[in-house]
Amino acid sequence: MRSVPHLQAEAEIDGLLDDQVWQQLSPIESFYNHFPVDTGMAMRQTSVKIFHNGKFLFVSARYEDTEAINNVSSLKRDVYQEAIFLSDCFGLVLDPFNEGSNGYVFAVNASGVQFDALIGGINQLNDSWNTVWKSAVSTQGTMKYYEIAIPLEAINFQSDRSTWGFQFFVNDNKIPQISTLVYSQRIYEHFDLRFTREFELENLPTSVTRRFSVLPSLTYSHQRDQESDEKSDRLTPSLDVQYNINSALRLDLTLNPDFSQVEVDQQVTNLSRFAINFPERRKFFLENSDLFNSLGTSQCDPFYSRRIGASADILFGAKLSGNVGARTRIGLLNAQTKEEDDQPGSNYGVAVGRRQFSESIYGSMFLVNKQTDSDYNRVTGLNMNYNSPNNKVICNFNYAQAFTNDQKGENAFYGAFAAYETPKFVSKLGFQRIEKNHITETGFTPRLYNYDSETGETTREGINVIFTEVDVIQYFKESKRVDWLRRGLVRTFTILDIDYGFKESEIFFIPMSIRFRNRSYAYLSGVSRIERLRYNFDFLANGQPISPDDYFYTFGRMGFWSPTNRKVYYTAKVEAGQFYNGTRLHTQLTLLYRLLPRAVVSASYNVNRIDLKELGAKDFHLASLTAEVYFSNRLNWTSYFQYSTQQNNFNINSRVQWEYRPLSYLFLVLTNNYTEQLQSRNWGLSFKLNRRIDF
């Protein structure tokens, strides 16, 4: 086991690596190929050095590049796909408790753009999480030098657990090549916590130096509703505080928070009868978010944080999260919304405890509560998870019950899932049972609710869900062109009613797909659905609903992605086939042009042409244009233009963001919404200034 020495020294983070301390450290070398080849040692090697001084973890890396140029796809912080995966970069993965269940990733690309994220479970990245750290990059000929300093107080750890898991990775986007210190096959992500090397950190501090981080904010917003000719001006002060109780446990507080600077959600065309969800981006809900976001499944999640503040502003929130023992983590969250329009405010509470029983088994218990005056909704449950030592088998079990003041009985949820995964073969099997009174007002359980467009009523129905998947892939080691070839994939998704009567079934199959070494990708696939529709579904919103009946429909698709690491990137997809009692033709095109170092412009357009015969026909258009202008690594201007005929909305969101000091921002945001006929509905202008202060 290698050690990370404790030295009474400090390196100047300038990317030059000329400090004396770097000369006295032995290098960490011998990086392996990970992508697109996962056999043998990396063609271009990396030398890493590391130490800590009780306050910072210092890391340096020296990479012998293929060319004396940088290939970077974005200058925007925390954009993983563009700024890291599709850019020359160096990164490290940290697992301070060496359990493989939660950790951190820090990376910096060749233009000095930072990326930091939480890792929860297996490869669940939360890139909205941020902390203050230092980095610098320099290029001298074909040599790239990376230098990083991460405050130890930014990481949850315990001084009596000095064995940490580390992974280092380097991306050369020009070859392309991703290489890693710890070998793993390319079916696994290079930030997978199951593939780390143990390092012993000498003389870890027993306490943290920085106790408080305070983030006061001031927001001015002007809103105008063109249809009612109402306007409002509001000046909103808010405060966020983070208190480090110790190095492993943190308290987050928020008072009167304002989220006007949060990026706008991307509009989508929804072809189903059920709601869809969007990721959380608000800072308060992000610290240790893996504790709160892994309590259920995609079909039955007891806690979906975006429910909080969806219908009324948040008055205050408090969260205590982190480790309270060598193998025990806790999460406690409470938030109160304001009383608005004579509607009482609601109080939301979440309590989670997670225990690592062994290297392969961990479990959690939770309680989610929503209280509005005397009305309540509570969900409590437990989860058990197993990951085999050879990383081939994953199993989990979920159980929960919901308690609502006016509903009794039939309130349980059961879930079980198992997967077996090798480089050539993947199989998965899952089962879930959701009873009709398993109500999750702070969660997301879309298929529990059925809306009838004729009666206007919504009915809850319990369901059973069965999921299967078989995937056969061939990876090529010697081919100069082909990365892998999918020989076949079949995925089934079946819904039964609570008495196991048939409701719907979908079979998704890929007879062939191929990814090339240059990162281009081509595929053919198809979907067959059988649906026993029990409720009127006015899909075209024209008063001519699809009537309850049995429907069988099939459609096929084909698509192509160009090499993702080029200056110009495009995708194309065509789908055609049946849709209920009619037909559907779907085409989609995307185009991205990188004008770096100054700008990136991307556009997409897709149209669904629906013909339901005697019920009518309609085209659903969805178009978007995104323009990102970079004045520097810390100052950018991003504009989104989104047009959706399904939502009868044309949205413009334009945001200037200036990080005038680390994690202290000035935002100027303009939002405008128009009807399909380009008549202005409403618009707003927001100005927000915050300042991070560390004590």
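Trainee: What is the right way to look at the overall build of the chain in this model?
Mentor: Of the regular secondary structure elements, the chain holds 3 helices and 40 strands. Projected onto the principal axes, the alpha-carbon positions of the chain cover approximately 80 × 60 × 50 Å. Across the 695 residues of the chain, 53% fall into the buried class. In the chain, the proportion of contacts linking residues at least 24 apart, taken out of those at least 6 apart, comes to 58%. Carbon and sulfur atoms provide 53% of the accessible area of the chain, an area that totals close to 29,900 Å².

Trainee: Sorry if this is basic, but what is going on with the pattern of salt bridges here?
Mentor: In this structure the tally under the stated criterion is 39 salt bridges. The partner of Glu-659 in a salt bridge is Arg-77, with the nearest N and O atoms 3.7 Å apart. Linking Glu-659 in strand E37 (residues 649–661) with Arg-77 in the loop between strand E4 (56–64) and helix H2 (80–85), this pair joins segments that are 582 residues apart in sequence. Residue class for Glu-659 comes out buried when judged on its relative accessible area of 6%. Bridged by salt links that share partners, the residues Arg-273, Arg-447, Glu-504, Glu-506, Arg-529 and Glu-531 form one connected network.

Trainee: Got a minute to help me understand unusual backbone geometry in this structure?
Mentor: Trans peptide bonds make up most of the peptide bonds, and negative phi angles are found at most residues other than glycine. Across the junction of Phe-35 and Pro-36, the peptide omega takes the value -5°, indicating a cis bond. Residue placement: Pro-36 occurs in the loop between strand E2 (32–35) and strand E3 (46–52). Here the amide bond leading from Ile-175 into Pro-176 is cis, since omega sits at -5°, within 30 degrees of zero. By the element assignment, Pro-176 lies in the loop between strand E11 (163–172) and strand E12 (177–180). The backbone phi angle of Glu-410 is positive, close to 50°, even though this residue is not glycine.

Trainee: What is the right way to look at a negative patch on the surface in this model?
Mentor: Together, Glu-339, Asp-341, Asp-342, Asp-373, Asp-375 and Asp-406 give the surface a local cluster of negative charge. Tracing the chain through its elements places Asp-406 in the loop between strand E22 (393–404) and strand E23 (412–421). In this structure Asp-406 comes out as exposed when scored by relative accessible area, which is 55%.

Trainee: Any chance you could explain the sheet that holds strand E9 (residues 134–140) here in plain terms?
Mentor: Sheet strands line up and pair through hydrogen bonds in the backbone, either parallel or antiparallel. Read across the open sheet, the 4 strands follow the order E3-E4-E10-E9; overall the sheet is antiparallel. For this open sheet the edge positions go to E3 and E9, each flanked by a neighbour on one side alone. Each adjacent strand pair in this sheet contributes to an overall mean axis angle of 10°, direction not counted. Two elements, E3 and E4, share 7 bridges in a ladder whose sense is antiparallel.

Trainee: How do you make sense of a nonpolar patch on the surface when you look at a structure like this?
Mentor: A contiguous nonpolar surface patch, about 670 Å² in accessible area, is contributed by Leu-218, Tyr-220, Leu-235, Leu-668, Leu-670, Leu-685, Phe-687 and Leu-689. Breaking the nonpolar patch down by element, the ones donating at least two residues are strand E14 (212–225), strand E38 (664–674) and strand E39 (680–690). At 3 residues, E39 tops the list of elements feeding residues into the nonpolar patch. Mapped onto the secondary structure, Leu-218 falls in strand E14. A relative accessible area of 43% means that Leu-218 is categorised as partly exposed.

Trainee: Which parts of the structure should I look at to understand the packing of aromatic side chains?
Mentor: A ring pair, where both rings are aromatic, is described by two values, the distance of the centres and the angle of the planes. Inspection of the entire model under this criterion finds 41 aromatic pairs. Ring plane angle 45° and centroid distance 5.9 Å describe the contact between Phe-56 and Phe-58, whose orientation is recorded as tilted. Just as Phe-56 is buried, Phe-58 falls in that class too. Ring geometry for Phe-579 versus Tyr-580: centroids 5.0 Å apart, planes at 90°, classification edge-to-face. Tyr-580 matches Phe-579 in its accessibility class, with the two residues each being buried. Three or more aromatic residues link up through ring pairs in this structure, and these residues are Phe-90, Tyr-146, Phe-157, Trp-164, Phe-166, Phe-168 and Phe-199. The ring of Phe-284 has Lys-319 lying over it, and the distance from NZ or CZ to the ring centre is 5.5 Å.

Trainee: Looking at this structure, how should I read the nonpolar core?
Mentor: In summary, soluble globular proteins display a tendency toward joint burial of nonpolar side chains. Judged by nonpolar contacts, the single largest core of 61 residues is most densely connected at Val-59, Phe-90, Phe-166 and Phe-168. Counting residues in hydrophobic clusters, the runner-up holds 26 residues, among them Phe-285, Phe-303, Ile-434 and Ile-495.

Trainee: Honestly, the environment of Tyr-63 in this entry has me stumped. Any pointers?
Mentor: Along the chain, the position of Tyr-63 falls in strand E4. Separated by 83 residues in sequence, Tyr-63 and Tyr-146 place their C-alpha atoms 8.3 Å apart. The residues contacting Tyr-63, other than those within four sequence positions of it, are Arg-44, Gln-45, Thr-46, Thr-142, Met-143, Lys-144, Val-170, Asp-172, Ile-175 and Gln-177. For Tyr-63, the side chain forms a polar contact with the side chain of Asp-172, separated by 2.8 Å.

The rules behind each value
Each chain has its residues counted from 1, running along the sequence as written. A pLDDT threshold of at least 70 governs which residues receive local features in this predicted model, and a stricter bar of 80 or more applies before side-chain atom pairs are shown or counted, although totals over entire chains, interfaces and linings include all residues. No hydrogens and no water enter the side-chain calculation; it runs on all heavy atoms of the structure. Per the convention used, a helix needs a DSSP run of H or I reaching at least four residues, while a strand needs a run of E reaching at least two, with both numbered from the N terminus. Only protein chains enter the accessibility calculation, which uses a 1.4 Å probe; a residue is then buried when its area is under 20% of its type maximum, exposed when over 50%, and partly exposed in between. We call two residues in contact whenever any of their non-hydrogen atoms come within 4.5 Å of each other. We get accessible surface area from the Shrake-Rupley algorithm with a probe of 1.4 Å; when it comes to residues, only the shown protein chains can shield them. We count a salt bridge whenever a side-chain nitrogen from Lys or Arg sits within 4 Å of a carboxyl oxygen from Asp or Glu. Excluding any residue in a salt bridge, patches collect residues exceeding 30% relative accessible area, merging like charges within 9 Å and nonpolar Val, Leu, Ile, Met, Phe, Trp and Tyr side chains within 5 Å. Under this rule, positive means Lys or Arg and negative means Asp or Glu; His and the chain ends count for nothing. For the purpose of locating charges, the reference atoms are NZ of Lys, CZ of Arg, CG of Asp and CD of Glu. Here, any two strands with at least 2 DSSP bridges between them count as paired. Angles shown run from 0 to 180 degrees and are taken between the N-to-C directions of axes, each axis being a line fitted to C-alpha atoms and, for helices, limited to the stretch in contact. For this analysis, a ring pair means two rings from Phe, Tyr or Trp (six-membered ring only for Trp) whose centres lie within 6.5 Å, classed as stacked if their planes differ by under 30 degrees, edge-to-face if by over 60, and tilted for the remaining angles. Only lysine NZ and arginine CZ atoms are considered, and such an atom sits over a ring when it is within 6 Å of the ring centre and within 35 degrees of the ring normal. Buried Ala, Val, Leu, Ile, Met, Phe, Trp, Tyr and Cys residues that are joined via side-chain atoms within 4.5 Å together make up what is termed a nonpolar core. For this analysis, a polar contact is any N or O atom pair within 3.5 Å, provided that within protein one partner can donate a hydrogen and the other can accept it, and provided that sequence-adjacent residues contribute only side-chain to side-chain pairs.

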